[in-house]
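Residues per chain, in single letters:
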Amino acid sequence: MRKQEFLKLIVCVAAIVGLFCAFVSPLAYSIRQGLDLQGGTHVVLEAEDTPEAPVNHDAMERVLHIMEKRVNELGLTEPMIQLQGERRIIIELPGIKDPDKAIAVIGKTAMLEFKDEEGNTVLTGTDLKDAKEQTDQQNQHLVSLDFSDEGGKKFAELTTKNVGRRIAILLDGEVLTAPNVKEPITGGKAVITGQRSLEEAHNLAILLRSGALPVKVNIIETRTVGPTLGQDSKDKSEFAFTIGIGAVLVFMLLFYRLSGLIADISLMAYVLLLLAALKFLDATLTLPGVAGIILSVGMAVDANVLIFEHFKEEYKKGSTLRMAMNNGFKRAFTTIFDSNLTTIIAAMVLFAFGTGSIRGFAITLGLGVVLSMFTAITLSNFMLKMLVGSNMVTSPFLLGAHAREEGTEVNNRV
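What counts, and at which threshold
- Residues numbered from 1 in each chain as written.
- Predicted model: local features only at pLDDT ≥ 70, side-chain atom pairs only at ≥ 80, totals over all residues.
- Heavy atoms only, no water.
- pLDDT = per-residue confidence, 0-100.
- Helix = DSSP H or I, 4+ residues; strand = E, 2+ residues; numbered from the N terminus.
- Expected span 1.5 Å × (residues − 1).
- Bend = angle between axes of the 7 residues up to and from the residue.
- Buried < 20%, exposed > 50% of the residue type's maximum accessible area, 1.4 Å probe, protein only.
- Polar contact = N/O pair within 3.5 Å; in protein donor to acceptor, adjacent residues only side chain to side chain.
- Contact = heavy atoms within 4.5 Å.
- Pairing = 2+ DSSP bridges.
- Axes fitted to C-alpha atoms, helices over the stretch in contact; angles between N-to-C directions.
- Core = buried A, V, L, I, M, F, W, Y, C linked by side-chain atoms within 4.5 Å.
- Salt bridge = Lys/Arg side-chain N within 4 Å of Asp/Glu carboxyl O.
- Parallel < 35°, antiparallel > 145°, perpendicular 65-115°, else oblique.
- Nonpolar A, V, L, I, M, F, W, Y, C, P; charged D, E, K, R; others polar.
- Phe/Tyr/Trp six-rings, centres within 6.5 Å; stacked < 30°, edge-to-face > 60°.

Draft legend 1. Quick look at the confidence of the model for the protein. Put simply, the protein has an average pLDDT of 80, and 90% of its residues get 70 or more. Summarising per-element confidence for the protein, the mean pLDDT is lowest in helix α4 (residues 99–106) (71) and highest in helix α5 (residues 149–161) (87).

Here it is, written out as structure tokens:
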């Protein structure tokens, strides 16, 4: 029976080490990376008052919503879009290879107008229901417009009154196309031709679907974070993580010996679980997120240190190794739970009131603390009980405890 306990422990340790070696790198490199790790483009937009559209809080909220729609439809990897102050919006676009194209889309006012030959605006973008890019039978790239019911009536009236004449379709005051009306169009649909590529038609369709910005917006800053700087940040964070983990592993082995080895194995499981959770949540890893992971690693070790110190105290009092280990876990549980709970509350506050990378830090810290509690209280407990129960190791020194003082009465209750 005792040999079976030891064999179970060996299998458990081998499984964790094997899974760690096999999956830690693939998981780590499959997690999305933020602007500071992979490079990209940082854009700052500022709203400007005009007589027709003064800047206010409601207008800025609408601008933010429209920008989110535009950027998300570009298919970018986890962009960051947030308000700064009363008039500015910060947009971070990780992994952008051609920032000029993205900026051309997000920076457009996108005011769509349909005008007759007299220059009267009959329809605007507010009359649109949908816009999609298409390629016709002649391999021409165009944007198909689908008007709302009211917009369809306006368009039918416009084309009916202008048969044999031209109507101009303008975007931000520039003429996109000015087709000649051959007959009334009553189906509530139209097309914009003249797009040089399907990508150009796609970007125009995005602008039209997202709607026109309610206020004038200027791009006041564009900063490109090159792949070299991003790679440098990544290399430094990987180095810091490796040094931090390595120092913790060595510390636990030196001070707690076999118990420390069990803690190190649990720490491997913790890192693997954390990376898997971040991958499952489709999280984006930034430098503050890496800092949150390293901090949670320290807290994971702290839980094991509390358990082992209580184990040493119990053994000194005269408990058997098994009793000392059980009591060590029981006595440490309340302290571990309380300290981790306060950290989780702090992470929740940061997530609720923070933005951007602060939220990333809060997510990795909170998730890491929860998983560290699980590995310290359950996995470490499980493996240490098997180690002590197997009776293969009977030396207190190898388990991290010190010899008892002479005259200490041994409590043989199990």
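Next comes the rest of the write-up.
Draft legend 2. Expanded view of helix α9 (residues 321–353). An ideal rise of 1.5 Å per residue puts 48 Å on 33 residues; α9 measures up with 47 Å between its terminal C-alpha atoms. At Ala-332, α9 shows its maximal bend, which comes to roughly 35°. Listing the buried residues of α9 in full gives Leu-321, Met-323, Ala-324, Met-325, Gly-328, Phe-329, Ala-332, Ile-336, Asn-340, Thr-343, Ile-344 and Ala-347.

Draft legend 3. Region of the structure containing the side chain of Asp-127. Within the secondary structure layout, Asp-127 lies in the loop between β6 (121–124) and β7 (128–135). Residue Asp-127 is classed as buried on the basis of its relative accessible area, which comes to 7%. Among the polar contacts listed, one links the side chain of Asp-127 to the side chain of Lys-154, at a separation of 3.3 Å. Ignoring anything within four residues of it in the chain, the contact list for Asp-127 reads Phe-147, Ser-148, Gly-151 and Lys-154.

Draft legend 4. Spatial organisation of the sheet that holds strand β12 (residues 216–225). Taken together, the four strands give an open sheet; going across it, the order is β3-β4-β2-β12, and neighbouring strands pair in antiparallel fashion. Edge positions in the sheet fall to β3 (80–84) and β12, since each of these pairs with one other strand and no more. On average, adjacent strands in this sheet sit at an angle of 20° to one another, irrespective of strand direction. Where strand β2 (residues 40–48) lies against strand β4 (residues 88–94), seven bridges are found, and the strand directions are antiparallel. Counterpart to Val-43 in the pairing with β4 is Ile-91.

Draft legend 5. Region of interest: the nonpolar core. Among the nonpolar cores identified, the biggest contains 55 residues, and Met-252, Leu-267 and Met-383 are the most heavily contacted of them. Counting residues per element, this core draws most heavily on helix α7 (residues 227–280), at 16 residues. Not counting the four nearest positions on each side in its chain, Met-383 is found in contact with Leu-9, Cys-12, Val-13, Ile-16, Ile-262, Ile-265 and Ser-266. In this structure, Val-43, Leu-45, Leu-93 and Leu-213 belong to the second largest nonpolar core, which totals 23 residues.

Draft legend 6. Unusual backbone geometry, seen in detail. Positive phi is not limited to glycine here, since Arg-257 has a value of about 55°. Note that Arg-257 resides in helix α7. For Arg-257, a relative accessible area of 17% puts it in the buried group.

Draft legend 7. Quick look at the environment of Ser-259. Along the chain, Ser-259 falls in helix α7. Along the chain, Ser-259 and Ala-346 lie 87 residues apart, while their C-alpha atoms are 31 Å from each other.

Draft legend 8. Quick look at the pattern of salt bridges. For the structure shown, the criterion picks out 13 salt bridges. With a shortest N-O distance of 2.5 Å, Arg-165 and Glu-118 are connected by a salt bridge. With Arg-165 in the loop between α5 and β9 (168–171) and Glu-118 in the loop between β5 (112–115) and β6, this pair connects stretches of sequence that are 47 residues apart. On the accessibility criterion, Arg-165 (26% relative accessible area) is partly exposed. By relative accessible area, which is 52% here, Glu-118 ends up exposed. When salt bridges that share partners are traced, they join Glu-117, Glu-118 and Arg-165 into one network.

Draft legend 9. Examining the pairing of β6 more closely. Bridge analysis of β5 against β6 gives three bridges, and the strand direction is antiparallel. Opposite Phe-114, over in β6, you have Leu-123 as the bridge partner. Following β5, the chain reverses through five residues before pairing antiparallel with β6; Gly-119 in that reversal takes a positive phi of roughly 85°.

Draft legend 10. View of the environment of Leu-142. Within the secondary structure, Leu-142 sits in strand β8 (residues 141–147). On a C-alpha basis, the gap between Leu-142 and Met-348 in space is 47 Å, while along the polypeptide they are 206 residues apart. Beyond its immediate chain neighbours, meaning those up to four positions away, Leu-142 contacts Lys-132, Glu-133, Gln-134, Asp-136, Val-191, Ile-192, Thr-193, Gln-195 and Ala-201.

Draft legend 11. A look at the packing of α9 against helix α10 (residues 357–389). Remark: α9 packs on α10, axes separated minimally by 8 Å, with the N-to-C direction vectors making an angle of 170°. With respect to each other, α9 and α10 are oriented roughly antiparallel. Grouping the amino acids of the contact of α9 with α10 by side-chain chemistry returns 23 nonpolar, eight polar and three charged.

Draft legend 12. Broad picture of the packing of aromatic side chains. Under the criterion given, the structure shown has six aromatic pairs. Centre to centre, the rings of Phe-333 and Phe-337 are 6.0 Å apart; their planes meet at 25°, and the pair counts as stacked. With Phe-333 and Phe-337 both in helix α9 and four residues apart, the pair spans about one turn of that helix. In this structure Phe-333 comes out as partly exposed when scored by relative accessible area, which is 39%. Among the aromatic residues, those joined into a ring-pair cluster are Phe-114, Phe-147 and Phe-155.

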